[in-house]
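What follows is the residue order along each chain.
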Amino acid sequence: GELIIGLHSNRSNEITEIEQCYIADERINIALSQLRPKLKELVQENKIELSNGFVGELARLKIVVSNTGEVSALLNDKVVFGSEMLLEEVNGFNYHVSAQSFWQGHKSAAEILLSDLIKLVPLHPGDTIMDLYGGAGLFGVGLASWYLKRNSELFSKIISIEQSGYSAQDSKINYEKLKNSYPN
């Protein structure tokens, strides 16, 4: 098949080819320009199957940029550029986030959302933090980290619920990292 890298056209399954995305982080455009020749080469050598059931007959390319500057690209959930693991720093905590995991798309969103959540959710000694649709643990770990900096015995446990295996594993890693930072 022919390789077209682009975006879905409005109300259509058609793909409009793009050279760059003008609203994306510039590092995404840099990665895209570096990836394009490599992907075309892999398609021509039949090392990438484009008709695989993703979005009809389309392969799915995802480029992610962490707020610490790391870039990864995935083709049908397989890393083809960059690292399997990215580092996201939010409110002084460094989150382990797999390239396949969900993370807030806008580079400032995680910090803003967590700051708002901290203002809205008071914790008391013995409370349990429930992180529903927990992702990599942004809100559960973030709340716990913020409150632990102020009171090391503030809550009893964190329960995270997440469907994605990648995100659930990242969440466990981040909760362990938090636990090891505050041994009591």
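You'll find the structure just up there.
So, here's what we can say about the structure.

What counts and how
- Each chain carries its own residue numbering, running from 1 in the written order of its sequence.
- Totals for whole chains, interfaces and linings use every residue, but because this is a predicted model, local features are given only for residues with pLDDT of at least 70 and side-chain atom pairs only at 80 or more, for both listing and counting.
- To get the side-chain values, take all heavy atoms of the structure and skip hydrogens and water.
- Strands here mean DSSP runs of E at least two residues long; helices mean DSSP runs of H or I at least four residues long; both are numbered from the N terminus.
- To sort residues, take the accessible area from a 1.4 Å probe on protein chains only and compare it with the maximum for the residue type: under 20% means buried, over 50% means exposed, and anything in between is partly exposed.
- Whether two residues are in contact is decided by their heavy atoms: any pair within 4.5 Å suffices.
- DSSP-based pairing: two strands are paired if at least 2 bridges between them are found.
- Axis geometry follows a simple rule: fit a line to the C-alpha atoms, using only the stretch in contact for helices, then measure angles between N-to-C directions, giving values from 0 to 180 degrees.
- Throughout this description, any angle smaller than 35 degrees is read as roughly parallel, any larger than 145 degrees as roughly antiparallel, any in the 65 to 115 degree range as roughly perpendicular, and the remainder as oblique.
- In a left-handed crossing the near helix is turned counterclockwise from the far helix by less than a right angle, and in a right-handed crossing that turn is clockwise.

Let's talk about the overall build of the protein
Part 1 of the reasoning: Of regular secondary structure, the protein possesses four helices and nine strands.
Part 2 of the reasoning: Its helices and strands taken in sequence order, the protein reads β-β-α-β-β-β-β-β-α-β-α-β-α from the N to the C terminus.
Part 3 of the reasoning: Within the span of the protein, comprising 184 residues, buried residues form 34% of the whole.
Part 4 of the reasoning: Of the contacts made within the protein by residues no fewer than 6 positions apart, 53% connect residues no fewer than 24 positions apart.

Some thoughts on the pairing of strand E4 (residues 71-75)
Part 1 of the reasoning: Counting buried positions along E4 yields five of five residues, so the element is predominantly enclosed.
Part 2 of the reasoning: Here E4 shows two buried faces, one formed by Val71, Ala73 and Leu75 and the other by Ser72 and Leu74.
Part 3 of the reasoning: Inspection of the sheet shows strand E3 (residues 61-65) paired to E4 by five bridges, in the antiparallel sense. For valine 65, the partnering residue across the bridge sits in E4 and is valine 71.
Part 4 of the reasoning: Counted between consecutive antiparallel strands, the loop separating E3 from E4 contains five residues, among which glycine 69 sits at a positive phi close to 100°.
Part 5 of the reasoning: Looking at chain direction, E4 and strand E5 (residues 78-81) are connected through three bridges and run antiparallel. Note that in E5 the partner of alanine 73 across the bridge is phenylalanine 81.
Part 6 of the reasoning: Counted between consecutive antiparallel strands, the loop separating E4 from E5 contains two residues, among which asparagine 76 sits at a positive phi close to 50°.

Notes on the sheet that holds E5
What links the strands of a sheet is backbone hydrogen bonding, and the strands pair in either a parallel or an antiparallel sense.
Part 1 of the reasoning: One open sheet accounts for three strands, arranged E3-E4-E5; its pairing is antiparallel. Each of the sheet's edge strands pairs with one partner strand only, and the pair in question is E3 and E5. Averaged over all pairs of adjacent strands, the angle between strand axes in this sheet comes to 35°, irrespective of strand direction.

As for the packing of helix H2 (residues 109-120) against helix H3 (residues 138-148)
Part 1 of the reasoning: Relative to each other, H2 and H3 sit at 60°, their axes nearing to 10 Å. Viewed along their axes, H2 and H3 adopt a mutual orientation that is oblique. Handedness of the crossing formed by H2 with H3: right-handed. Contacts from Ala110, Leu113, Leu114, Leu117 and Ile118 of H2 reach H3 at Leu138, Phe139, Gly142, Leu143, Trp146 and Tyr147.

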